[in-house]
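Here is what each chain is made of, one letter per residue.
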Amino acid sequence: MTRHFLRDDDVTSLEQREILALALELKKDRFAIRPLAGPKAVAILFDKPSTRTRVSFAVSVAELGGYPLVIDAANSQTGRGETIEDTARVFDRLCAAIVWRTFGQANVERMAAVSSVPVINALTDQFHPCQVLADLMTLAEARGGIGGLPGAKLAYLGDGGNNMAHSYLLACATAGMGITIATPASHQPDPSVVAAAREIALSTGAVVEITDDPHVAVAGAHAVASDTWVSMGMEGEAAERATPFADLQVTGDLMAEAGPDAIFLHCLPAYRGKEVTAEVIDGPSSRVWDEAENRLHAQKALIAWLVER
């Protein structure tokens, strides 16, 4: 059966560890495996603008021995009304995998429903699972390896209803970690995602918490994560979205309330003086550049794991 990666709980706790362990190995030796040698093509579709996702996936496929076929929706028939199902049936005859950065989660689910090759969610409005794989890899590096993830705590401060918050809930629960989302009452996570995370936590020992208090969230945290307050497509709401999140800005004083070796994570792009201060993102606790690089290694491991399965 073809495996897809559409949301963070599409892999089990054991499978997540396998992928992260392979990512750490590939960071040590970037050309250790070449499952796409041939080269086999991977279709990489973009309905949304991108920097890190575009570069990291293109390099990932190339380093695995494949050919990255990068396609912008505006320059393809998908942008002119061709159905998702028809597009998928063409790609899966020509490509080894399909990567899609799009809007609704239903898009990637429809693609996967008819595709005979792995479909990877490179970002939707609901989830950002490849980013959070890289974040877990970054935390694992800071804690001495994959074994340092179970029992660790990650605090996320910001919009609880966005794709990063949802992916942190599922991925951290799968890893057996503590995950605390600090967000205003007006921006709560999707209740179904919270319920799914708590269901996973029953078997992994994870702790899932939702609060509106940033001090409660960061207490004892091994990682503090933030994200832009204005997600893609919400630029027109920038002024009104700043007010609810003002108390959730990650400052040096707030980082000091976390664990003594706590790291700061941000998926980028970041806006200094908004969700995080310059002293934090440019300071010694920041791992955002490692995190950005780790998109490459985590995605290589994911692609290899999926196509070899």
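It should be emphasised that the depicted structure is a prediction, and the values quoted were computed from it without experimental measurement.

Participant: Account for the pattern of salt bridges, naming residues and giving values.
Facilitator: In total, this model carries twelve salt bridges according to the counting rule given. E25 is paired through a salt bridge with K28; the nearest N and O atoms lie 3.7 Å apart. Taken as a pair, E25 and K28 lie in helix α1 (residues 13–28) at a separation of three residues, close to a single helical turn. With a relative accessible area of 69%, K28 lands in the exposed category. In this structure, the salt-bridge partner of D86 is R89, at a minimum N-O distance of 3.8 Å. Within this pair, D86 and its partner R89 are both found in helix α3 (residues 84–94), separated by three residues, close to a single helical turn. Note on D86: relative accessible area 38%, which makes it partly exposed.

Participant: Just give me the short version of the environment of T2, but keep the residues and values in it.
Facilitator: Tracing the sequence through the fold places T2 in the segment before α1. Residue classification places T2 among the partly exposed residues on the basis of a relative accessible area of 28%. Considered as a pair, T2 and A112 are 110 residues apart in the sequence and their alpha carbons are 9.0 Å apart. Other than its neighbours up to four places away in sequence, T2 contacts S115, S116, V117 and P118. Here S116 takes part through its backbone oxygen, which lies 3.0 Å from a polar atom of the side chain of T2.

Participant: So, the packing of aromatic side chains: which residues are in play, and what are the values?
Facilitator: Enumeration according to the criterion identifies two aromatic pairs in this entry. Arranged with centres 5.7 Å apart and planes meeting at 45°, the rings of Y156 and Y168 form a pair that is tilted. Here Y168 lies in helix α6 (residues 163–174) and Y156 lies in strand β5 (residues 153–157), a separation of twelve residues in the sequence. The burial state of Y156 is the same as that of Y168; both residues are buried. A cation sits over an aromatic face here: R54 above F46, 4.3 Å from the ring centre. Directly above the aromatic system of F31 lies the positively charged group of K300, at a separation of 5.7 Å from the ring centroid.

About the criteria used
Residues numbered from 1 in each chain as written. Predicted model: local features only at pLDDT ≥ 70, side-chain atom pairs only at ≥ 80, totals over all residues. Heavy atoms only, no water. Salt bridge = Lys/Arg side-chain N within 4 Å of Asp/Glu carboxyl O. Helix = DSSP H or I, 4+ residues; strand = E, 2+ residues; numbered from the N terminus. Buried < 20%, exposed > 50% of the residue type's maximum accessible area, 1.4 Å probe, protein only. Contact = heavy atoms within 4.5 Å. Polar contact = N/O pair within 3.5 Å; in protein donor to acceptor, adjacent residues only side chain to side chain. Phe/Tyr/Trp six-rings, centres within 6.5 Å; stacked < 30°, edge-to-face > 60°. Lys NZ or Arg CZ within 6 Å of the ring centre and 35° of its normal.

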